[in-house]
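Residue-level listing of the chains:
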Amino acid sequence: MSNETTTDAGNDYRDTLFLPKTDFPMRGGLPKAEPKWIERWDEMRLYDRMREDAKARGAKPFILHDGPPYANGPIHLGTAMNKILKDLVVRGHQMLGYDASYIPGWDCHGLPIEWKVEEEFRAKGRGKDDVPGDEFRAACREYAAKWIEVQKQGFRRCGVEGDWDNPYLTMNFDSEAATVREFLSVAMSGRLVRGSKPIMWSPVERTALAEAEVEYHDRKVPVIWVKFPVKDVNFDLPDGMPSLDVDNDPEALRMLVDTEHVYDALMDASVLIWTTTPWTIPANQAVSFNPGITYGLYVVKDVMSEEELGFTPFAKPGDKFVIADALASNVFEAAKVSDFARLADIDPSTIASLSHPLNELSDFYKHDIPMLAGDHVTDDAGTGFVHTAPAHGEDDFLVWIANGYKASDIRDIVNQDGVYEHDELPEPLKGLDIIRTSGKKRGEQGKANPEVMRLLTEAGNLLSRGVTMIRDAHSWRSKAPVIRRATPQWFIAMDQAGSDGTAPLRDLALKALEDTAFVPPQLRNRITSMVADRPDWLISRQRNWGVPITLLVSPDGEPHTVALPADKANEVNTRILDAIAAEGVEAWFSADAATFLDGIEDPAGWEKVNDVLDVWFDSGTTHAFTLRDRGIIDEQTGQADVYLEGSDQHRGWFQSSLLENCATRGMAPYKTVVTHGFIVDADGKKMSKSLGNTVEPQQVADQFGIEILRLWTASSDFTEDLRISDDILKTNAESYRRLRNTLRYLLGALEGYSESEAVTREEMPGLEKWVLHRLAESDALVRKSYATFDYKRIMSAMLNFCGVDLSAIYFDIRKDSLYCDAPTDVRRRATRTVMSLVLERLLTWLAPIMPFTTEEAFLMSHFADRADSVHLLTFPETSASWLDAELASRWEKIFKVRRVVTGALEIERREKRIGASLEAAPEVYIEDAGLIAAFEGESAADLFITSGATLIHGTGPADAYRLEDTTGVSVVPVKASGIKCARSWKYFDPATADPAYPDITPRDAAAVKAIRSAA
RNA sequence: GGGCCGGUAGCUCAGGUGGUUAGAGCGCACGCCUGAUAAGCGUGAGGUCGAUGGUUCAACUCCAUCUCGGCCCA
């Protein structure tokens, strides 16, 4: 064919082509480049500049208040993701036009740091009691400061922008003073109560533990069945007593000798309990039952023999027990009873009292043991009765109080070391430890359990014993088991009205939650139900490293905030606050009560509280010393726009901050709560060191670059759990490549571009108008998505826009114009105008997600003279007038036809009839007049990237190419005729050529002339 | 064991007052280009929408149960 006549003179025209030219490299080299950008931003004081610029343009403030990570240990992927997400929120809002400040913070007090520091001292041979409090606290402060520095570097490496030079630290003196101030404000509101409750106590660390400080592990424990002999019953005797059910089992009745009535049998029976904590038996004060469970009186008829068992069972024929019916056979099996009979129904409320199983041992145990009704008793396991020691169990305490008994009558026989200590305890029990608190066997069972079991056996009240596994609370730090122990503690009451008549804290908090927006909305339930159900807030800790509970207790046991009249109390408070503001918390620890009372109240008999505050209280006040004290929000009525944390903080920081601000100011400290999920592996399993599926941020930074992690964060649905794996990161690296190359192509195509080249929308071809339409659509989507924290939507929109609209369609089609048209050609100028508008938007839209790459591209672009950094820009105004639905639907029609054409050409390629699409000049048959009209004014060949194209209104030959979903369109893939243009590679009729340039098309000839004459 | 939430192609995500063959990008396979080249273009194959049962003319979409997973709590 005529192809053979083509002269291959391509290189002759190469220098007349406008090929993309840019120094922006194809590959980012992120791991090396990123730290350099951070350095640059540092040097130019980018964060301060952003603040200044925002203030200068009168921007509205937008406050994301940072939830403080705990200052021990390096950052991990979860904390990195959390900070990146916050950075997306802050940068997104900054570019939306707000003054989006961000002050990072750290949580510095508390047990975990204290524990580490204790370890360090121990390593130097100094025990806990050898280190003075102030020295110890100084060491804790230093320890926290060290990790803050490490974490700060880690977060900065993630590209997180913020006021890193002025972060908030809960251990700063002004923070500590503010925390004390807030605490005293709560105390003065009358919501502070002193109580003695069984709380989780770690004998090893000699401290009370909060829920957050314990973890649950399986543990092997003894299990015992104990007899509580019936002491008295409630009914008159013996008249009116029901008879025993003799018909049921005459043989059983015969064994009861002279017993005919339930009364006699009951008085000879025992109520059976089952427990896994034998050491609590000496603290027993009641036995609980559930009125909803049916109970029976049982008699033992026969037991397994010593030969069968290898030991003598404790049960004997004739023994009588009251047990829940559902559990009787289980109990007898455990007691090695081979035969038994049920004698009667028993209503446990008719049992007036029981004897303590150690009754004979000491006068201490001669008292009556009452039967208490309680819902916590079940017949799932055990005996249907629950041994109740109100000092050592939450349920025990509650049922004790619910039945009208007094908290002050609760027997507290265990000291802070977990050792029995009480004057009236029988001698064998005194000084026994429950858990070993030192040595190699630290955390293991102490002497209490075995001795209690021995004494019970001796008393004949142990029916059976065994061993079982239970899931039980252990100290988070020492991993040792914890016990429940009644100790005096300070609480913030949830259900007590304020002294000024304001509603109880729970009501205030629930109301505040109603006024709060939640992202995702379904998570509102979570914190609401937690607040609705939570117990009073235990805020005291018997520790050293924390903000002191600055209370002085009167001789009557009342805190000064209650014991003194308000004016005097305030005077004391002022004195406390002044002291702490001047010298830090040591001012409290080193002083005595008189220091703060002298001249206001007679200090005789007053005591200073030496507990410290729960660290959750510290973090609950971060808004006070970070936002209010720095004047970022109004002291009384201000709220942060957003708190953003993981879902675990519904119990943590979201709640402590809520309760704190409700107690002091009656409202939530935030307008919106954004919750993210947790990072899991490719299979949706949580990350753990033991599973070996952890990913470290530094590792990602070194291998891929942090921007890939940011891309991953942005593209994930953070409201659920976020999956990550090497493959997932690789996928994001692919996305990055696509975005980077799009920027690169734009930069290359815009080489030498300036605004003077721009044309107006009216002058532009339809395709350019379509791109502007897409730009306007994307602008709306991007703005809305940044405002609603929906980054994954931005990512997918940008990927589609860059991959399909730009790369596959627009760039591909306009390549010819861009490379070959004369520079003055309106089409080419329109293309560059649109490309400039696209680049301007892509750079800013992507900047919050890809701060490094967009900065690099920005500084290489013709926009660089607008600002020193892309991050000093806002999203450019994008005219809604660019939206043109009619035009868009016209182009959808064109693209529909185009797909049929590319399909047809693909067949030709398969058959090796063509290679490049420019080798074709298809005939396109279109039945629908509307469809063909869509092409009016457009060059179909340009849009198809073919050398020619003929649109024909008609049906087309039967063997023409068709697509199933595009009816009425068929394509005959005619091969292009003529010669191949040496410049544009289009096939054309040589007869039309400019005689001076016979080997190129007239368009190319004109362009070459223009270029050469300009040169 | 309890509370809250979730389970759509290999991956990341769309979708719908319940109603024709469930979508996109990426990846994958195959092909093209060689003037975006460790790039670009095209075509194609991938889904019992976690499972089961129910409501309904019709369910991936509503209800129940189960299962798997996550956070919190015991």
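Residues numbered from 1 in each chain as written. Chains lettered and ligands numbered in written order. Predicted model: local features only at pLDDT ≥ 70, side-chain atom pairs only at ≥ 80, totals over all residues. Heavy atoms only, no water.

A. Broad picture of the overall build of chain A. When helices and strands are tallied, chain A shows 33 helices and 33 strands. Here chain A has a C-alpha radius of gyration of 40 Å; the compact-globule value for 1015 residues is 31 Å, and the former is much larger. Oriented by its inertia axes, the alpha-carbon framework of chain A measures out at about 135 × 80 × 55 Å. Classification of the 1015 residues of chain A by burial places 56% in the buried group. Here the contacts in chain A between residues at least 6 apart in sequence split such that 77% fall between residues at least 24 apart. For chain A, the exposed area adds up to about 42,100 Å²; of that, 49% sits on carbon and sulfur atoms. (Helix = DSSP H or I, 4+ residues; strand = E, 2+ residues; numbered from the N terminus. Rg over C-alpha atoms; globule rule 2.2 N^0.38 Å. Buried < 20%, exposed > 50% of the residue type's maximum accessible area, 1.4 Å probe, protein only. Contact = heavy atoms within 4.5 Å. Areas by Shrake-Rupley, 256 points an atom, 1.4 Å probe, with all protein chains shown as cover.)

B. Just the packing of aromatic side chains, in detail. Counted under the stated rule, the structure contains 23 aromatic pairs. Between the aromatic rings of Tyr-643 and Tyr-670, the centroid separation amounts to 4.7 Å while the plane-to-plane angle is 65°, which identifies the pairing as edge-to-face. In this pair, Tyr-643 sits in strand 24 (residues 640–646) while Tyr-670 sits in strand 25 (residues 670–676), placing the two residues 27 residues apart along the sequence. Assigned by exposure class, Tyr-643 and Tyr-670 land together as buried. (Phe/Tyr/Trp six-rings, centres within 6.5 Å; stacked < 30°, edge-to-face > 60°.)

C. Representation of the sheet that holds strand 31 (residues 966–972) in the model. A sheet is described by the order of its strands in space; here 4 strands give the open sequence 29-28-31-30, paired in mixed fashion. Every interior strand has two partners, whereas the edge strands, strand 29 (950–953) and strand 30 (961–963), have only one. For this sheet, the mean inter-axis angle between neighbouring strands, taken without regard to orientation, is 25°. Summarising the sheet, strand 28 (residues 923–926) and strand 29 pair through 4 bridges and their orientation is parallel. Within strand 29, the residue paired with Ile-926 across the bridge is His-953. In the packing of helix 30 (residues 885–910) onto the sheet, the strands contacted are strand 28, strand 30 and strand 31, and the crossing angle to strand 31 comes to about 45°. (Pairing = 2+ DSSP bridges. Axes fitted to C-alpha atoms, helices over the stretch in contact; angles between N-to-C directions.)

D. Layout of the pairing of strand 25. Strand 25 sits mainly inside the fold: 6 of its 7 residues count as buried. Examined bridge by bridge, strand 18 (residues 517–519) and strand 25 share 3 bridges and lie parallel to one another. Counterpart to Val-519 in the pairing with strand 25 is Val-674. Bridge count between strand 24 and strand 25: 6 bridges; the pairing is parallel. Across the sheet, residue Tyr-643 finds its bridge partner in strand 25, namely Val-673. The parallel pair strand 24 and strand 25 is bridged by helix 22 (residues 653–665), and the resulting crossover is right-handed. (Right-handed = clockwise from strand over helix to strand, strands pointing away.)

E. Local environment of unusual backbone geometry. Residue Val-519 is joined to Pro-520 through a cis peptide bond whose omega torsion reads -5°. Here Pro-520 lies in the loop between strand 18 and helix 15 (524–533). Look at Arg-45: it is not a glycine, yet its phi comes out positive at around 55°. Mapped onto the elements, Arg-45 comes out in the loop between helix 2 (30–43) and helix 3 (46–56).

F. Expanded view of the nonpolar core. In terms of nonpolar packing, the biggest core is built from 143 residues, with Leu-709, Tyr-791, Met-798, Met-835, Val-838, Leu-842 and Ile-849 touching the most fellow members. Beyond its immediate chain neighbours, meaning those up to four positions away, Met-798 contacts Leu-739, Ser-778, Val-782, Leu-842, Trp-845 and Leu-846. The next biggest cluster of nonpolar side chains, apart from the first, holds 59 residues, and it includes Met-494, Trp-537, Ala-579 and Trp-653. (Core = buried A, V, L, I, M, F, W, Y, C linked by side-chain atoms within 4.5 Å.)

G. Main features of the state of the cysteines. All chains considered together, the criterion is met by 0 disulfides. No disulfide involves Cys-108; its sulfur sits 11 Å from the nearest other cysteine sulfur, which is in Cys-140. (Disulfide = S-S within 2.5 Å.)

H. Main features of a negative patch on the surface. Residues Asp-363, Glu-421, Asp-423 and Glu-424 make up a contiguous surface patch of negative charge. Among the secondary structure elements, Asp-423 is positioned in the loop between helix 12 (394–402) and helix 13 (448–458). (Patch = residues over 30% accessible without salt bridge, like charges linked within 9 Å, V, L, I, M, F, W, Y side chains within 5 Å. Salt bridge = Lys/Arg side-chain N within 4 Å of Asp/Glu carboxyl O. Lys, Arg positive; Asp, Glu negative; His and termini not counted. Charge placed at Lys NZ, Arg CZ, Asp CG, Glu CD.)

I. Just the sheet that holds strand 2 (residues 99–101), in detail. If you walk across this open sheet you meet the 5 strands as 2-1-24-25-18, and the pairing is parallel. In this open sheet, the two edge strands, each paired with only one partner strand, are strand 2 and strand 18. The sheet shows a mean angle of 20° between the axes of neighbouring strands, direction not considered. Taken together, the 3 bridges between strand 1 (residues 61–65) and strand 2 define a ladder with parallel strand orientation.

J. Local environment of the environment of Val-287. For Val-287, the location among the structural elements is in strand 9 (residues 286–289). On a C-alpha basis, the gap between Val-287 and Thr-833 in space is 85 Å, while along the polypeptide they are 546 residues apart.

K. Spatial organisation of the environment of Asn-461. Relative to the helices and strands, Asn-461 is located in the loop between helix 13 and strand 16 (462–475). Judged by its relative accessible area of 11%, Asn-461 is buried. Sequence-wise, Asn-461 and Asp-816 are 355 residues apart; in three dimensions their C-alpha atoms are separated by 98 Å. Apart from residues no more than four positions distant in its own chain, Asn-461 is found in contact with Trp-225, Val-226, Lys-227, Pro-229, Pro-357 and Leu-456. A polar side-chain atom of Asn-461 sits 2.9 Å from the main-chain carbonyl oxygen of Pro-357. (Polar contact = N/O pair within 3.5 Å; in protein donor to acceptor, adjacent residues only side chain to side chain.)

L. Summary view of the packing of helix 27 (residues 791–820) against helix 28 (residues 826–846). At their nearest, the axes of helix 27 and helix 28 sit 11 Å apart, and the two run at 160° to each other. The pairing of helix 27 with helix 28 is recorded here as roughly antiparallel in orientation. The two elements helix 27 and helix 28 cross, and the hand of that crossing is left-handed. Here helix 27 contributes Met-798, Phe-801, Cys-802, Leu-806, Tyr-810, Phe-811, Arg-814, Asp-816, Ser-817 and Leu-818 to the contact with helix 28, which in turn contributes Arg-827, Arg-828, Ala-830, Thr-831, Arg-832, Val-834, Met-835, Val-838, Leu-842, Trp-845 and Leu-846. Among the residues forming the contact of helix 27 with helix 28, the class breakdown is 14 nonpolar, 2 polar and 5 charged. (Parallel < 35°, antiparallel > 145°, perpendicular 65-115°, else oblique. Left-handed = near helix turned anticlockwise from the far one by under 90°. Nonpolar A, V, L, I, M, F, W, Y, C, P; charged D, E, K, R; others polar.)

M. Summary view of the pairing of strand 11 (residues 320–324). The buried count for strand 11 comes to 5 of 5 residues, which makes it a mostly enclosed element. Here strand 11 shows a buried face lined by Lys-320, Val-322 and Ala-324 and a second buried face lined by Phe-321 and Ile-323. Sheet analysis places strand 8 (residues 270–275) next to strand 11, joined by 2 bridges and oriented parallel. From the neighbouring strand, Ser-270 faces strand 11, where its bridge partner is Phe-321.

N. The arrangement of the UniProt feature "binding site: L-isoleucyl-5'-AMP" (unreviewed entry) in chain A in detail. As recorded in UniProt, the sites labelled "binding site: L-isoleucyl-5'-AMP" (unreviewed entry) are Glu-645. Tracing the backbone through its elements, the reader meets Glu-645 in strand 24. In this structure Glu-645 touches Asp-66, Gly-67, Asn-82, Lys-86, Trp-653, Phe-654, Val-674, Thr-675 and His-676, once residues within four positions along its chain are discounted. In this structure the side chain of Glu-645 is engaged in a polar contact, spanning 2.8 Å, whose partner is the side chain of Lys-86. (UniProt positions renumbered as here; feature names shortened; annotations may be inferred.)

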